[in-house]
Amino acid sequence: MKKDLNIYEEYKEVEKTIQKLIKNNEDFLECEFTPLATEVRKEVKIELSAGGPSDGFKIYVDKNNEIEEVIYYYSEWFNYQEYRLSEYEIEKIEDWLQFFVELASQEE
């Protein structure tokens with residue numbers, strides 16, 4: 001997408017692309033948007049708070065439940081933000097995060 005588009009224009013460009021994909025769904029092999037690859041990621045979500053403001057962690061793990069990425073999120077009414085934790089930050093709370101990953105895996 002062009003760098004000079006505002007968020008609304010970017011959304012409209014994505015929407016056009018999605019509509020084109022839907023239209024070409026009958027013969028997806030001829031679609032110019034054939035993906036290079038697909039990937040399945042498991043997400044374990046830890047909700048720290050809910051309601052007005054809410055926050056928590058999204059933990060992305062591989063097929064062996066090894067932590068690949070951790071996102072802290074904060075949502076307040078019309079404002080949603082995410083922060084990707086650094087490797088250093090993940091190391092500091094990795095045991096705590098891994099506990100919830102293992103707990104979620106037992107529930108599957």
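For the structure, see preceding data.
Residues numbered from 1 in each chain as written. Predicted model: local features only at pLDDT ≥ 70, side-chain atom pairs only at ≥ 80, totals over all residues. Heavy atoms only, no water.

A. Quick peek at the overall build of the protein chain. When helices and strands are counted, the protein chain shows two helices and four strands. The N-to-C order of helical and strand elements in the protein chain reads α-β-β-β-β-α. Within the protein chain, the proportion of its 108 residues that are buried is 23%. Taking all contacts inside the protein chain whose residues are at least 6 apart in sequence as the whole, residues at least 24 apart take part in 28%. Accessible area of the protein chain: about 9100 Å², with a carbon and sulfur share of 52%. (Helix = DSSP H or I, 4+ residues; strand = E, 2+ residues; numbered from the N terminus. Buried < 20%, exposed > 50% of the residue type's maximum accessible area, 1.4 Å probe, protein only. Contact = heavy atoms within 4.5 Å. Areas by Shrake-Rupley, 256 points an atom, 1.4 Å probe, with all protein chains shown as cover.)

B. Up close: the packing of aromatic side chains. Enumeration according to the criterion identifies five aromatic pairs in this entry. With 5.5 Å between their ring centres and 65 degrees between their planes, Phe57 and Tyr72 make a pair best called edge-to-face. Taken as a pair, Phe57 in strand E2 (residues 53-61) and Tyr72 in strand E3 (residues 67-76) lie far apart in primary sequence, 15 residues in all. For Tyr72, a relative accessible area of 26% gives the class partly exposed. Taking the centre distance of 6.3 Å and the plane angle of 20 degrees together, the rings of Tyr73 and Tyr80 count as stacked. An aromatic cluster is built from Phe57, Tyr72, Trp96, Phe99 and Phe100, whose rings are joined through pairwise contacts. Cation over ring: Lys58 sits above Tyr73, and NZ or CZ is 5.8 Å from the ring centre. (Phe/Tyr/Trp six-rings, centres within 6.5 Å; stacked < 30°, edge-to-face > 60°. Lys NZ or Arg CZ within 6 Å of the ring centre and 35° of its normal.)

C. Spatial organisation of the sheet that holds E2. Across the sheet, four strands lie side by side as E1-E2-E3-E4; this open sheet has antiparallel pairing. Of all the strands in the sheet, the pair left with one neighbour each is strand E1 (42-49) and strand E4 (79-84). Going across the sheet, the axis of each strand differs from the next one's by a mean of 20 degrees, ignoring polarity. Sheet topology note: the E3/E4 ladder contains six bridges and is antiparallel. Along E4, the bridge assignment pairs Tyr73 with Glu82. (Pairing = 2+ DSSP bridges. Axes fitted to C-alpha atoms, helices over the stretch in contact; angles between N-to-C directions.)

D. Just unusual backbone geometry, in detail. Not every positive phi belongs to a glycine, and Asn65 is a case in point at roughly 65 degrees. When you line up the elements, Asn65 lands in the loop between E2 and E3. You will see that Trp77, though not glycine, has its phi angle at about 45 degrees, which is positive. Here Trp77 lies in the loop between E3 and E4.

E. Fine view of the nonpolar core. Counting residues in each nonpolar core, the largest one holds 11 residues, listed as Val44, Ile46, Phe57, Ile59, Val61, Ile67, Val70, Leu85, Ile90, Leu97 and Val101. Elements with a contribution of two residues or more to this core: E1, E2, E3 and helix H2 (87-106). Apart from the residues within four sequence positions on either side, Val44 is in contact with Phe57, Lys58, Ile59, Phe100, Val101 and Ala104. (Core = buried A, V, L, I, M, F, W, Y, C linked by side-chain atoms within 4.5 Å.)

F. Up close: H2. In H2, a bend of some 70 degrees at Ile93 exceeds every other bend along the element. When we look at burial in H2, the residues that qualify are Ile90, Leu97, Gln98, Val101 and Ser105. For H2, the secondary structure elements touched by its buried residues are E1, E2 and E3. (Bend = angle between axes of the 7 residues up to and from the residue.)

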